[in-house]
Amino acid sequence: MNRAAPDNARGTANSLPVPVNVLIVGSGGREHALAWKIARSTRAGKIFCAPGNAGTSALGENVAIPADDIPALLAFAKSRDIGLTVVGPDDSLAAGIADAFEADGLKIFGPNASAARLESSKAFAKDFMRRHGIPTADYQEFTDSAAAREWCRAAKYPLVIKADGLALGKGVVIAESPEAAADAIRQCMDDRIFGDAGKKIVVEEFLHGEECSIHALVDGTSYLLLPDCRDHKRAFDGDLGPNTGGMGTICPSGSISAPLAALVKSDILDRFLAGIRADGLAFRGMLFPGVMLTADGPKVLEFNCRWGDPETQSLVRRLDSDLLDLLEACADARLASLSPLWSDGASACVILASGGYPGTYEKGKPISGLDRVSDPCVVFHAGTKSDPGGGAILTNGGRVLGVTATGSDLHEARARAYAAADMITFDGLQRRNDIGAAK
Ligand SMILES: Nc1ncnc2c1ncn2[C@@H]1O[C@H](COP(=O)(O)OP(=O)(O)O)[C@@H](O)[C@H]1O
Ligand SMILES: [Mg+2]
């Protein structure tokens, strides 16, 4: 008897999956890690990275479009039949890349500009947290520098001064005295060292505790909590030196017990989901709250609305399921139907940076030893480029490489990551030797 094929014949046991072309926006270690994991999907078609780095060019094709050129990215995605665009950087999201793609009917992973304000305006995020009962530090917001200085005179120290807008991770000052607070306020609000990002500030209570990076995929109606990570933000061993974009990560962090994870869900993620629904924010993408584990429970330091860098490098190494499936399900608001699998054990990522980072540094140094690293270690590129004149790979940024490894426990993962890191050299290489070390 003849039977018509079902409408959804696609994806049945006998049919081949339809390949999905993927565009990854950004050029850091996070984007290489996402591209690497997506490339392992049986459904992945062609992978493009805009603008990408030397690592992503080995997985797919780099496209010379800056991550913030939304019209050019949209035109490219349309011309290449891109089935999913995955956005790395915060500023592209804040500028409305998701709005532009969705308006043209293209699938994109990352929140729209209204929802991304939870990252791009710290005052907006604090107001959201206060209204929806999400634990966070007490705060005041100011748009007038004299009023801010006046308030800070009688405050308790240390005190935290934050530029409202995106400031490349440099907009937060921990002030130890009213004089230091006044300096920070002047630089931010009067001298405008962060431009318009410093028109408004948030002044908040200093929280004591260990920091932890929480990641949860959010599709507007449900969320999926990923394993927790620890970043190491300071430039030098022992948590000394200036803050950086992150010098290494471990996953899991080792600080989130089952009861604490339950609190993260009930007090942060459940309330976040209820909050975005109440406020009509169409948040579909990654929610990455920076959390302080205080004696009074976990408190949110900030919301990031994208994958962490270098947290992503550690996370993808432990994900056993298909990342393309997960990202598509999030963009389609189908997250509730998935239960991704994570490997037992741990992963670690050690960043190899250019000498001088996060201050000034030189670029264009040849990197050697990359070919000596093999499974279970994977090197993700960040600031690298291929030498236009030959086969060499050159340094091209502050954070150059992220050397990752998995292991049955943290001890094994970090030993493997450092053994691999020891094989790689370039002039001026700077790294921390205590990523994931016992405190
Ligand atoms: N209320 C606070 N108490 C203690 N430390 C804080 C507080 N807020 C921020 N910090 C520290 O400053 C760092 C940067 O602050 P954050 O809000 O994450 O801003 P950004 O990442 O945009 O620079 C945090 O990782 C944390 O170490
Ligand atoms: Mg932060």
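About the criteria used
Residues numbered from 1 in each chain as written. Chains lettered and ligands numbered in written order. Predicted model: local features only at pLDDT ≥ 70, side-chain atom pairs only at ≥ 80, totals over all residues. Heavy atoms only, no water. Helix = DSSP H or I, 4+ residues; strand = E, 2+ residues; numbered from the N terminus. Rg over C-alpha atoms; globule rule 2.2 N^0.38 Å. Buried < 20%, exposed > 50% of the residue type's maximum accessible area, 1.4 Å probe, protein only. Contact = heavy atoms within 4.5 Å. Areas by Shrake-Rupley, 256 points an atom, 1.4 Å probe, with all protein chains shown as cover. Lys, Arg positive; Asp, Glu negative; His and termini not counted. Charge placed at Lys NZ, Arg CZ, Asp CG, Glu CD. Polar contact = N/O pair within 3.5 Å; in protein donor to acceptor, adjacent residues only side chain to side chain. Near = heavy atom within 4 Å. Nonpolar A, V, L, I, M, F, W, Y, C, P; charged D, E, K, R; others polar. Domains from an automatic or database assignment. Salt bridge = Lys/Arg side-chain N within 4 Å of Asp/Glu carboxyl O. Buried area = accessible area lost by both parts, 1.4 Å probe.

Draft legend 1. Inspection of the overall build of the chain at higher detail. Along the chain, the regular secondary structure elements total 13 helices and 23 strands. By the compact-globule yardstick of 22 Å for 439 residues, the chain fits well, its C-alpha radius of gyration being 22 Å. Taken over the C-alpha atoms alone, the chain extends approximately 85 × 50 × 45 Å along its principal axes. Each of the 439 residues in the chain was classed as buried or not, and the buried ones make up 54%. Nonlocal contacts in the chain, meaning residues at least 24 apart in sequence, comprise 68% of its contacts between residues at least 6 apart. Carbon and sulfur atoms make up 50% of the accessible area of the chain, which totals about 18,800 Å². With 46 positive and 55 negative side-chain charges, the chain shows a spacing of 1 Å between the two charge centroids.

Draft legend 2. How the structure looks around the side chain of Lys365. Within the fold, Lys365 resides in the loop between strand 19 (346-353) and strand 20 (377-381). In this structure the side chain of Lys365 is engaged in a polar contact, spanning 2.6 Å, whose partner is the side chain of Glu362. Apart from residues no more than four positions distant in its own chain, Lys365 is found in contact with Ile393, Leu394, Thr395, Phe426 and Asp427.

Draft legend 3. Summary view of the site of ligand 1. Neighbouring ligand 1 are 16 residues; Lys162, Glu204, Leu207, Glu211 and Glu302 lie closest to it. Here an oxygen atom of ligand 1 and a side-chain polar atom of Lys122 are 2.9 Å apart. The backbone of Leu207 places a nitrogen or oxygen atom 2.8 Å from a nitrogen atom of ligand 1. Of all the secondary structure elements, the ones that give two or more residues to the shell around ligand 1 are strand 7 (159-163), strand 8 (172-175), strand 9 (201-205) and strand 18 (297-304). Here the residues of the shell around ligand 1 are counted per class, giving 8 nonpolar, 1 polar and 7 charged. When residues of the shell around ligand 1 are assigned to domains, at least three map to each of domain 2 (144-199) and domain 3 (210-421).

Draft legend 4. Quick peek at the pattern of salt bridges. Enumeration over the complete set of coordinates arrives at 30 salt bridges. When the shortest N-O distance is used, the salt bridge between Arg334 and Asp332 registers 3.1 Å. Exposure remark for Asp332: the relative accessible area of 31% places this residue in the partly exposed category. Shared partners join several salt bridges into a network, and the residues in it are Arg43, Asp325 and Glu328.

Draft legend 5. Spotlight on the domain arrangement of the chain. When the domains of the chain are assigned, the result is domain 1 (20-110), domain 2 (144-199) and domain 3 (210-421). Each of domain 1 and domain 3 was reduced to a C-alpha centroid, and the two centroids are 18 Å apart. Contacts between the two partners involve 30 residues from domain 1, matched on the other side by 34 residues from domain 3. Taken over both partners, the interface formed by domain 1 and domain 3 buries close to 2,500 Å², and the fraction arising from carbon and sulfur atoms is 63%. Summed over the three residues of domain 1 that lose the most area to domain 3, namely Arg30, Lys37 and Phe109, the buried surface amounts to 26% of that side. Applying the counting rule to domain 1 against domain 3 returns 4 salt bridges. Here Arg43 and Glu328 are joined by a salt bridge, their closest N and O atoms 2.6 Å apart. The interface formed by domain 1 and domain 3 includes 16 residue pairs in polar contact (both at pLDDT 80 or more). Secondary structure elements with two or more residues in the side of domain 1 that touches domain 3: strand 1 (20-26), helix 1 (29-39), helix 2 (54-57), strand 4 (82-87), helix 4 (90-94) and strand 5 (108-109). It is helix 1 that provides the largest number of residues to the side of domain 1 that touches domain 3, a total of 8 residues. Classifying every residue of the side of domain 1 that touches domain 3 by side-chain character gives 13 nonpolar, 11 polar and 6 charged.

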